[in-house]
Amino acid sequence: MKIRVAVRVRPAVTVSEDTTINGTCWKVEENCISLHKSHGTPVCGISYAFDHVFDESCTNSRVYELLAKDLIHAAVDGFNGIVIH
């Protein structure tokens, strides 16, 4: 087993259909997230990479299948493991 780090982007809090509270949003691209202004321009230097990045539409079942399931099975077999929410 190795340490894996994942994030799940929650939906933005919006003021109206096209405006977020602080005028920014997180854009998910494969295993990276980057901060963008609401009109799509990236905010310079605000980008992060992880083992997994789940977008707003990801279900709990998908997160479990990709991350927690194997960890739980390993814990049953006697290995240490932790899931932090």
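Before reading further, recall that the structure is shown in the block above.
Residues numbered from 1 in each chain as written. Predicted model: local features only at pLDDT ≥ 70, side-chain atom pairs only at ≥ 80, totals over all residues. Heavy atoms only, no water.

Draft legend 1. Representation of the side chain of His 36. You can see His 36 is positioned in strand β5 (residues 32-37). Looking at His 36, the relative accessible area reads 7%, which means it is buried. At 2.9 Å, the side chain of His 36 and the side chain of Ser 34 are in polar contact. When sequence neighbours within four positions are dropped, the list of residues in contact with His 36 reads Gly 23, Thr 24, Cys 25, Lys 27, Thr 41, Pro 42 and Val 43. (Helix = DSSP H or I, 4+ residues; strand = E, 2+ residues; numbered from the N terminus. Buried < 20%, exposed > 50% of the residue type's maximum accessible area, 1.4 Å probe, protein only. Polar contact = N/O pair within 3.5 Å; in protein donor to acceptor, adjacent residues only side chain to side chain. Contact = heavy atoms within 4.5 Å.)

Draft legend 2. Here's a closer look at helix α1 (residues 60-76). A bend of about 50 degrees at Ala 68 is the largest found in α1. Those residues of α1 that fall on the buried side of the exposure criterion are Leu 67, Ala 68, Leu 71 and Ala 74. Those residues of α1 hidden inside the fold are in contact with β1 (6-8) and β7 (52-54). (Bend = angle between axes of the 7 residues up to and from the residue.)

Draft legend 3. Just unusual backbone geometry, in detail. Phi is positive for Glu 30, which is not a glycine, with a value near 55 degrees. Checked against the element boundaries, Glu 30 lands in the loop between β4 (24-29) and β5. When its relative accessible area of 75% is taken as the criterion, Glu 30 is described as exposed.

Draft legend 4. The arrangement of the layout of surface pockets in detail. Taken as a whole, the largest pocket holds about 690 Å³ of empty space. Along the wall of the largest pocket there are 19 residues; nearest its centre are Ala 6, Leu 67, Ile 82, Val 83 and Ile 84. At the level of secondary structure, the elements contributing two or more residues to the lining of the largest pocket comprise β1 and α1. By residue number, the principal contributor to the lining of the largest pocket is α1, which donates five residues. In the lining of the largest pocket, the residues fall into 13 nonpolar, three polar and three charged. (1 Å grid on protein atoms, 1.4 Å probe; cavity = no way out; pocket = protein on both sides within 12 Å on 5 of 7 lines; lining within 4 Å. Points joined across faces, edges and corners; volume = space filled by probe spheres on them. Nonpolar A, V, L, I, M, F, W, Y, C, P; charged D, E, K, R; others polar.)

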